[in-house]
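Structural overview for review
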Amino acid sequence: MAKELIRMIKITLLLYVICSIAYTFFIWGIGKVFFPFQAGGSIIYKNSKPIGSMLIGEKFTSPYIFNGRPSYAGNGYNGTESSGSNYAPTNGKYIAIEKKLIDKFLIENPTVNKGNVPVDIVTGSGSGLGPYISIAAALDQVPRISKLTGIKEKTLRKLVVEDISGRQFGIFGTPGLNTDKLNLMLAEILKVKNKKLFKKVFSGLAG
Amino acid sequence: MSNKAYYVSAFNKKILKTAIIESFRKLNPKAMIKNPVMFVVEIGSVITTAILFKNLFLHDFKYMLFIVQITLWLWFTVIFANFAESISEGRGKAQAETLRKSKTEVIARLLKTDGKEEKIKASMLRKGDIVVCETNDIIPGDGDVIEGIASVDESAITGESAPVIRESGGDRSAVTGGTKVLSDKITVKITSNPGEGFIDKMISLVEGASRQKTPNEIALNILLVMFTALFLVVVVTIEPMVAYFHGHISPVIYVALLVCLIPTTIGALLSAIGISGMDRLVKHNVIAMSGKAVEAAGDVNTLLLDKTGTITFGNRMAVSFIPAEEVNVNELADYAQLSSISDETPEGRSIVALAKKYGLRGRHLDENNIKFVPFSAMTRMSGVDILDKKENIRKGAVEAISNYVVQNNGAVDKKLIEAAANISKQGGTPLAVAVNSRMLGIIHLKDVVKGGIKERINSLRKIGIKTIMITGDNPLTAKAIADEAGVDEFVSEATPETKMTIIKKEQSLGKLVAMTGDGTNDAPALAQADVGVAMNTGTMAAKEAGNMIDLDSNPTKLIEIVETGKQLLITRGSLTTFSIANDLAKYFAIIPAMFAPIMPWLAPLNIMGLSSPQSAILSAVIFNAVIIIILIPLALRGVKYRPAKASNILTRNLLIYGLGGVIAPFIGIKLIDMLITYLHII
Amino acid sequence: MTFTGILQIIAVLLIMVLAAVPLSRYLAHIFKYEPTFLDKLINPFENLTFRFLNVKKEEEMTWTTYLKIGLVINFLMLAVVFLILRFQNYLPFNQMHYPGIPWALDFNTAISFITNTNWQNYGGEEVMSNFSQMALVFLQFTSAATGLVFAIAFIRGIVRHEAKYVGNIYTDYIKAIYRIFIPLAVIFAIIMLSQGAPQTFTMQKKVVNITGTKQTLSVGPVASMVSIENLGTNGGGFYDANAAQPYENPNPFTNALTIFMMGTIPIALFFMYGIMIDDKKHAWTLFWVASTLLVVCIAVIYSQEAHGNPFLAHLGANIKASKYNPGGNMEGKQEHIGIAQTSLFASATTAFTTGNVDSAHDSFMPLSGMILLAEMMLNLIFGGKGVGLLNMLTMVIIGVFIAGLMVGRTPEFLGKKIGAKEVTLATLAMFAHAFIILVPFGIALSTAGGLAGIFNPGPHGLSEVLYAFTSSVANNGSAFAGLDGNTVFYNVILGFTIFFGRYVPIICQVAIAGALIKKKRIPESAGTFPEHGFLFYSVVLGTIILIGALTFFPALALGPIAEHFAMVKGHLFY
């Protein structure tokens, strides 16, 4: 029995070392050598300062830029507290929140008719960190941004269309726009068009 | 079918009356607990009854009509279940009664060691005592004939009025206590003590007193208990959910739901199915020593069939006449018949019968004009001399007749000898017929396969049972019969040990084997076989080794036994499926009804459109009770069984009892609801 | 529902089945101890291990020894991880100085991971050091192997007859880890890494977004966890939101890949079973049973989610799908992954009892929620590592017993007679599953501690609690995450339900193997119950649906079904 117990302890410890330590370090090594960018969290730098990850959504609430979806990760897009809203579709409180969100969107974007608010722009993503919005949600914001920034609607619409992430391999997923990327592009345009506004809105890039 | 002396119909008045009384007597919890499913129903009934009285006491009459009716129907459910069991037992009890009558106290003539006789009561006899029985004596106990031969009336146990021969030595030496000697005198050595005899055993078997649950029944019972426990948990955990919504549901409704969900239908009928399965065997005049044997019969993969008696009649019969070249077949038939007129053996009779087909009627001969020549082992022939015509007609073995013809200065027809050899080769027996010096031709005698046996064996094959024919014949004869009967395999030149070898070989392949036997030789094989059917005419040793006894001593019955075993299992499975499938509809009746006060949105689940929550619940409970009564005849009779491939049988039963079990209660509950609404009783 | 949506679902399912076929052959070779193409690479390690453990590979064990050793090893591993989490503040890779995990949460988490459940009452990035996350990875390997080896013992119980031994657990265990889980985990970890899953020992990175907002990003050894988490049908993600967190699941392709990782081995196990028992037709029939259920579940979820929330439509949102607008119920879903793949993911994670989520299940439509619950209640739609197959076979035994009687023979399961013992054990496993879900569920609803955690009002709140217990007993791990489970009450009660939900059925099932292995095998004939083909399919499917429905109908009626009909009537809950 004691012999058996020793064997059982040995297999436990052995597998711990292999599956926990050795395995993790092996993959880490591969990341270090072959995929250093991804392994570090796909973080991009502007002016040699880290501005975020293209994979993780950022909190875009200013009316001058493309807004993302509502986020329930912490106070919104908190990278250390991923979470969805977890509201049930029949929760009265949820529907009240939705009413506010939809009404707000309709007020901010008066060109959009009631009944036509893209459903994704008023609902939270599963983690509260998803950077994507639908094409409709992006296009619907174009008149507002154009009005506030003075950038031509046509330019903005072109920006949106060029930035669409299509279906992967032509099949997987739903087409949409990465707001991180979209707003970065918008920043480039605004930087040329209206430096002052650029500095105000994109303070992270200006410094 | 012979008249069954003690087989009783289930639905005679006396049995019904006893059964009704018994149904109430069985309400005793001590008896109920043996059937856990129904015991739960009884507890439920007690609870609702208590609530009923509490409400009466508190003058709370709000739901009185509803509670009263639910309570009544719950009690009915228990009583119906008891009734099902009682009525199946009742039949056995009535049969036992008839058997007991044959057990009146008998005076035995004990033969003492000094050769003197002493008259004592049969109940004083002990194993090893020797008794004498003469004409009109009742044999005082089970035993073996050690001296003499007698014809015995065994109708008391077999229901067969034709007497049977019992003689010392050999395989027909066993006699049963309670049977009556019709002629001659025998000396019998008693082999059982009083109260342990064959009739006693039979009484306790048909009465169900020694009934033990069979392996499948035990397994099924466990399944039912587990389902009951499961539904108990399901129903009990509804309460906290209801409390979560700040609702309240009366315990009466919980009990109603529980009773509707637990498998009451099969729970109520399970023992009735088992008892009536044994009973159906009794109807075939077969006594099973245990329910286990009946079940094993359903599982049999291989049947060992003795050729003689099972597949063939056991007697050779004339099938054709082969005349010599210049002889007309009618002439041969004529003489063959003449030669056999006094021949009372089955062969002789079959020759007369065959000759009749050639237009020859039985004839009356002047007795003074003829002289019969009986068969003797010396001459190996028999015949008749017609004195006025000086015709000496002889019939016998080909060799003997050839010699006879030669002695009378005749010549032997080579072609006939060849024909005779051919018949032998095909497994038949040739008999030659001669008149004086002329050999007229050959009679072809053959072991004749019983009518319909081929179909039976085919249907056995269809249900996956292999048949093996056992015979002592030479391989040629055996093959001929085997082909004709269509058995799957045969073993020729078998010795008494052959059966044992075959059984062991089949069993080592994981198969279950059934066989019949009667001789003492067969005893070890009967014991080894999974189903060993001993012939009642057989020896005591054989009867004790087997686990079934065929009172008619008809080995073909093995097939019926297998079918009865299968039918028993099918009935259980079908009613279990039906019972569980029923639950779906009951949910749809009760769930929207019981949750209506807290979750009115569930109304769309009331797909039957039942008129009110109360009538919905009551209808389900009534359906649940009434279905038991409706299915009693089916439980007693057994589900229809026709030999077919397993998949065909399954498809049929799944459609009727599975799909039917899902659909039937939807219709039934709706109809009851309509009736309740029409009568305004809620 | 859109055409491309349906196409995506079909494509993923088809690829999984196609990959499962060759994989099943490889698996069968391993457990029949036959040569495989990886022998040259792995044999040296394996032999070294056996020498180190002092195990003779061919020395076989009875089912009781096999089971006992398996359970003790499980306990030892549980202890190791419990201690690591409890004292993570003294251990390396904890730059954020997270304190040791409180005992109740630790108890829950350690049990949850050793049982392949991966129910998480914590957000990984918020409380776990990287060293602790790595320790959980260890259990993700071993718990998957545990389920698998018990299934193998069960299969041997069917294959062998008039025998005593079910195999050597050390051999099976090491082979499962060395030859299946490690190679696959490495391959898929590298793919996930290439797609963007981080693999670093840093815990957090601080950035300033383009709008000037400060953002902290949680990183760590994610890629290595994501692969085994799904391959082992564990489901315990690195992050609170699991695969909804983009680092765990960066794009639609990785989403499909995750589904592939979850499903392919469980499907292959069905085929492997067919190869090992030498009755592929039988195994394929069971495959079709599970597939039918899976497809129906996906169809219901997809149609419900694509249809969307009528309340939002009423308020002015556009829930109809069009070229530019995703439509449907987008609450808790990732836009780029889309409704179709999310529906497939949700169905897969509950079918394969993984528990990894790429969306908030709590925000699903009521009937979708019901389907998710049903999949876990059945726990046999391919199921987790080995366990799904075991549950399926348990249900087959019950079905065959009832229906088998109807052909007029003592019921047989693959030539072995089913007697009282097998029926007792099989029904006990079935009963235990229901009992351990419903009774603690009832307790939670009747106690303040249980009610306190409920997030959403009305029937949905009931569903949240039901989901928690169903998920733990099914060893799934996904949640209606609104429920606050990180309380002493839920940590303890769920810890126990997870524990019993895992081991009671497994003990019953291995005991069935022990009973079956002793039996003779009866040859098939025209009179035996056909264990393949449409008829058998109907019997098994009917049994599963009937027993499942009868057991859980009241709870589902008061939860998701009531919620659905209330929603149809336009009723909200407060």
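Residues numbered from 1 in each chain as written. Chains lettered and ligands numbered in written order. Predicted model: local features only at pLDDT ≥ 70, side-chain atom pairs only at ≥ 80, totals over all residues. Heavy atoms only, no water.

**What about the overall build of chain B?**
Our working rule: Helix and strand assignments follow DSSP, with helices taken as H or I runs no shorter than four residues and strands as E runs no shorter than two, numbered in order from the N terminus. For the radius of gyration, the atom set is restricted to C-alpha positions; the globular benchmark scales as 2.2 Å times the number of residues to the power 0.38. Contact definition: two residues touch when any of their heavy atoms are within 4.5 Å. Note on areas: Shrake-Rupley with a 1.4 Å probe; residue coverage comes only from the protein chains shown. Residues counted as positive are Lys and Arg, residues counted as negative are Asp and Glu, and His and the chain ends are not counted. We put the charge of a Lys on NZ, of an Arg on CZ, of an Asp on CG and of a Glu on CD.
Assigned secondary structure in chain B consists of 24 helices and 21 strands. Computed over its C-alpha atoms, the radius of gyration of chain B comes to 34 Å, more than 25% above the 26 Å expected for a compact globule of 682 residues. Expressed along its principal axes, the backbone C-alpha trace of chain B runs to roughly 120 × 65 × 50 Å. Long-range contacts, defined as pairs at least 24 residues apart, comprise 70% of the intrachain contacts of chain B with a sequence gap of at least 6. In the structure as shown, chain B presents an accessible area of about 28,600 Å², 59% of it carried by carbon and sulfur atoms. Where the 73 positive side-chain charges of chain B centre and where its 66 negative ones centre are 6 Å apart.

**Comments concerning the UniProt feature "active site" (unreviewed entry) in chain B**
Test applied: UniProt positions are given in the numbering used here, feature names are shortened, and annotations may be inferred rather than shown by experiment.
Look at the UniProt record and you will see "active site" (unreviewed entry) annotated at B:Asp306. Contact partners of B:Asp306, with chain neighbours within four places excluded, come to B:Ile311, B:Ile470, B:Lys499 and B:Thr516.

**Considering the sheet that holds strand 18 (residues 489–491) of chain B**
Residue and element names in this part refer to chain B. Put simply, the rule reads: Strand pairing is assigned whenever DSSP identifies at least 2 bridges connecting the two strands. Axis angles are defined between N-to-C directions and span 0 to 180 degrees, where every axis is a line fitted to C-alpha atoms and, for a helix, only to the segment in contact.
Taken in spatial order, the 7 strands make up an open sheet running 9-21-20-19-10-17-18, and their pairing is mixed. Taken across any chain shown, the strands that pair with only one partner, and hence form the sheet edges, are strand 9 (286–288) and strand 18. When strand polarity is set aside, the average angle formed by the axes of neighbouring strands in this sheet is 20°. By the bridge criterion, 3 bridges tie strand 9 to strand 21 (residues 548–550) in an arrangement that is antiparallel. The residue bridging valine 286 from the neighbouring strand is aspartate 550, located in strand 21. Its contacts with the sheet put helix 22 (residues 558–595) on strand 9, strand 10 (302–306), strand 19 (513–517), strand 20 (531–535) and strand 21, and the angle it makes with strand 10 is roughly 160°.

**Considerations on the interface of chain C and chain A**
Short version of the rule: By buried area we mean the combined loss of accessible area, with a 1.4 Å probe, across both parts when two parts are placed together. Here the term charged refers only to Asp, Glu, Lys and Arg, the term nonpolar to Ala, Val, Leu, Ile, Met, Phe, Trp, Tyr, Cys and Pro, and the term polar to all other amino acids, Gly among them.
Tallying the contact residues gives 121 residues for chain C and 105 residues for chain A. Between chain C and chain A the total buried area reaches about 9,000 Å² when both faces are included, carbon and sulfur atoms providing 67% of it. For the side of chain C that touches chain A, the per-class residue count stands at 72 nonpolar, 39 polar and 10 charged. Direction of pairing for strand 3 (residues 117–118) of chain A relative to strand 5 (residues 317–318) of chain C: parallel, over a ladder of 2 bridges. Bridging from a neighbouring strand, A:Val117 pairs with C:Ala317 of strand 5 of chain C.

**A word on the pairing of strand 8 (residues 186–190) of chain B**
Two faces, one strand: in a regular strand the side chains alternate between the faces of the sheet. Residue and element names in this part refer to chain B. For clarity, the threshold we go by: Throughout this description, buried means an accessible area under 20% of the type-specific maximum (1.4 Å probe, protein chains only), exposed means over 50%, and partly exposed covers the range between.
Within strand 8, 4 of the 5 residues are buried, which leaves it mostly tucked inside the rest of the structure. Bridge analysis of strand 3 (residues 130–133) against strand 8 gives 4 bridges, and the strand direction is antiparallel. Directly across from valine 131, in strand 8, lies its bridge partner valine 188.

**Overview of the environment of C:Phe271**
Residue and element names in this part refer to chain C. Checked against the element boundaries, phenylalanine 271 lands in helix 9 (residues 252–277). A sequence separation of 244 residues divides phenylalanine 271 from leucine 27, and the C-alpha atoms of the two residues are 9.4 Å apart. Residue contacts for phenylalanine 271: discarding those within four places in its chain leaves Val17, Ala20, Val21, Ser24, Trp284 and Phe287.

**What to know about the interface of chain B and chain C**
For clarity, the threshold we go by: Each reported salt bridge corresponds to a side-chain nitrogen of Lys or Arg within 4 Å of a carboxyl oxygen of Asp or Glu. Whenever a nitrogen or oxygen atom comes within 3.5 Å of another N or O atom, the pair is scored as a polar contact, on the condition that within protein one atom can donate a hydrogen and the other can accept it, and that pairs from neighbouring residues in sequence are kept only if both atoms are in side chains.
Listed by partner, the interface residues are 62 residues for chain B and 64 residues for chain C. When chain B packs against chain C, the two sides together hide about 5,200 Å² of surface, and 79% of this comes from carbon and sulfur. Considering only the side of chain B, the residues that lose the most area to chain C are B:Met241, B:Tyr244 and B:Trp601, jointly responsible for 14% of the buried surface there. Our count for the contact surface shared by chain B and chain C stands at 1 salt bridge. In this structure, B:Asp299 engages C:Lys417 in a salt bridge whose closest nitrogen and oxygen atoms are separated by 3.1 Å. Summed over the shared surface of chain B and chain C, the number is 13 residue pairs in polar contact (both at pLDDT 80 or more).

**Focus on the confidence of the model for chain B**
Put simply, the rule reads: Along the chain, pLDDT gives the predictor's confidence residue by residue, from 0 to 100.
Within chain B, residue pLDDT values average 85, and 95% of them lie at 70 or more. Counted against residues more than four places away or in other chains, residues 1–6 of chain B, with its pLDDT under 50, gives 21 contacts.

**Thoughts on the domain arrangement of chain B**
All names here are of chain B. The criterion, for reference: Boundaries of every domain are those given by an automatic assignment or by a domain database.
Partitioning chain B into structural domains gives domain 1 (13–95 + 206–282 + 563–679), domain 2 (107–140 + 142–191), domain 3 (297–312 + 449–559) and domain 4 (315–448). Each of domain 1 and domain 3 has a C-alpha centre, and these two points are 42 Å apart. Counting residues at the interface gives 9 residues for domain 1, matched by 8 residues for domain 3. Buried surface at the junction of domain 1 and domain 3, both sides included, amounts to about 730 Å², of which 59% is carbon and sulfur.

**Some points on the nonpolar core**
Threshold: Residues belong to a common nonpolar core when they are buried Ala, Val, Leu, Ile, Met, Phe, Trp, Tyr or Cys residues joined through side-chain atoms within 4.5 Å.
Among the nonpolar cores identified, the biggest contains 424 residues, and B:Phe595 and C:Tyr273 are the most heavily contacted of them. By size, the runner-up hydrophobic cluster in this structure holds 34 residues, among which are B:Ile386, B:Ile393, B:Tyr404 and B:Val435.

**Describing the pairing of strand 1 (residues 43–46) of chain A**
Residue and element names in this part refer to chain A. Taken together, the 4 bridges between strand 1 and strand 2 (residues 49–53) define a ladder with antiparallel strand orientation. Bridge assignment links lysine 46 to a residue of strand 2, and that residue is lysine 49. The hairpin turn running from strand 1 into strand 2, its antiparallel successor, is 2 residues long, and asparagine 47 in that turn takes a positive phi close to 55°.

**Side note on the packing of helix 3 (residues 63–86) of chain C against helix 7 (residues 169–195) of chain C**
Residues and elements named next belong to chain C. Quick note on the threshold: By definition in this entry, angles of less than 35 degrees are roughly parallel, angles greater than 145 are roughly antiparallel, angles of 65 to 115 are roughly perpendicular, and the rest are oblique.
With their axes 10 Å apart at the nearest point, helix 3 and helix 7 run at an angle of 50° to one another. As the angle between them shows, helix 3 and helix 7 are arranged oblique. In contact with Tyr66, Ile69, Gly70, Ile73, Asn74 and Met77 of helix 3, helix 7 contributes Ile169, Tyr170, Asp172 and Tyr173. Grouping the constituent residues of the contact of helix 3 with helix 7 by class yields 7 nonpolar, 2 polar and 1 charged.

**Brief notes about a positive patch on the surface**
Note the following rule: Patch building starts from residues that exceed 30% relative accessible area and form no salt bridge, then joins like charges within 9 Å and nonpolar side chains (Val, Leu, Ile, Met, Phe, Trp, Tyr) within 5 Å.
A cluster of basic side chains, namely B:Arg637, B:Lys640, B:Arg642 and B:Arg652, defines a positive patch on the protein surface. Inspection of the secondary structure puts B:Arg637 in helix 23 (residues 613–637).

**Re the UniProt feature "binding site: ATP" (unreviewed entry) in chain B**
All names here are of chain B. Here, the residues flagged by UniProt with the feature "binding site: ATP" (unreviewed entry) are Asp343, Glu347, Phe375, Ser376, Ala377, Met378, Thr379, Arg380, Met381, Ser382 and Lys395. With respect to the helices, strands and loops of the structure, methionine 381 is situated in strand 13 (residues 381–386). Taking relative accessible area as the criterion, methionine 381 reaches 10% and is therefore assigned buried. Beyond its immediate stretch of four places on either side in the chain, methionine 381 contacts Pro374, Phe375, Ser376, Arg394, Lys395, Gly396, Ala400, Ile401 and Tyr404. Here serine 382 lies in strand 13. Overall, serine 382 belongs to the buried group, its relative accessible area being 10%. If we ignore the near neighbours within four places in the chain, the residues touching serine 382 are Val373, Pro374, Phe375, Ile393, Arg394 and Lys395.

**Let's talk about the side chain of C:Ser463**
In this fold, C:Ser463 is placed in helix 17 (residues 459–473). What C:Ser463 contacts, discounting residues up to four positions off in sequence, is C:Phe480, C:Gly559 and C:Pro560.

**Side note on unusual backbone geometry**
We note that B:Glu493 has phi near 45°; this positive angle belongs to a residue other than glycine. Assignment of secondary structure puts B:Glu493 in the loop between strand 18 and helix 19 (496–508). One non-glycine residue, C:Glu162, adopts positive backbone phi at about 50°. By relative accessible area, which is 48% here, C:Glu162 ends up partly exposed.

**Considerations on the packing of aromatic side chains**
Residue and element names in this part refer to chain C. To be explicit about the condition: Ring geometry is summarised as follows: Phe, Tyr and Trp rings, the Trp one being its six-membered ring, pair when their centres sit within 6.5 Å, and such pairs are stacked at plane angles under 30 degrees, edge-to-face over 60 and tilted between the two.
Taken as a whole, this structure holds 45 aromatic pairs over all chains when the rule is applied. An angle of 40° between the planes, with centres 6.3 Å apart, marks the rings of phenylalanine 87 and tyrosine 90 as tilted. Phenylalanine 87 gets classed as partly exposed once you look at its relative accessible area, which sits at 41%. When its relative accessible area of 67% is taken as the criterion, tyrosine 90 is described as exposed. Each member of the aromatic cluster is reached from another via a ring pair, and the members are Phe270, Phe271, Trp284, Phe287, Trp288, Phe352 and Phe382.

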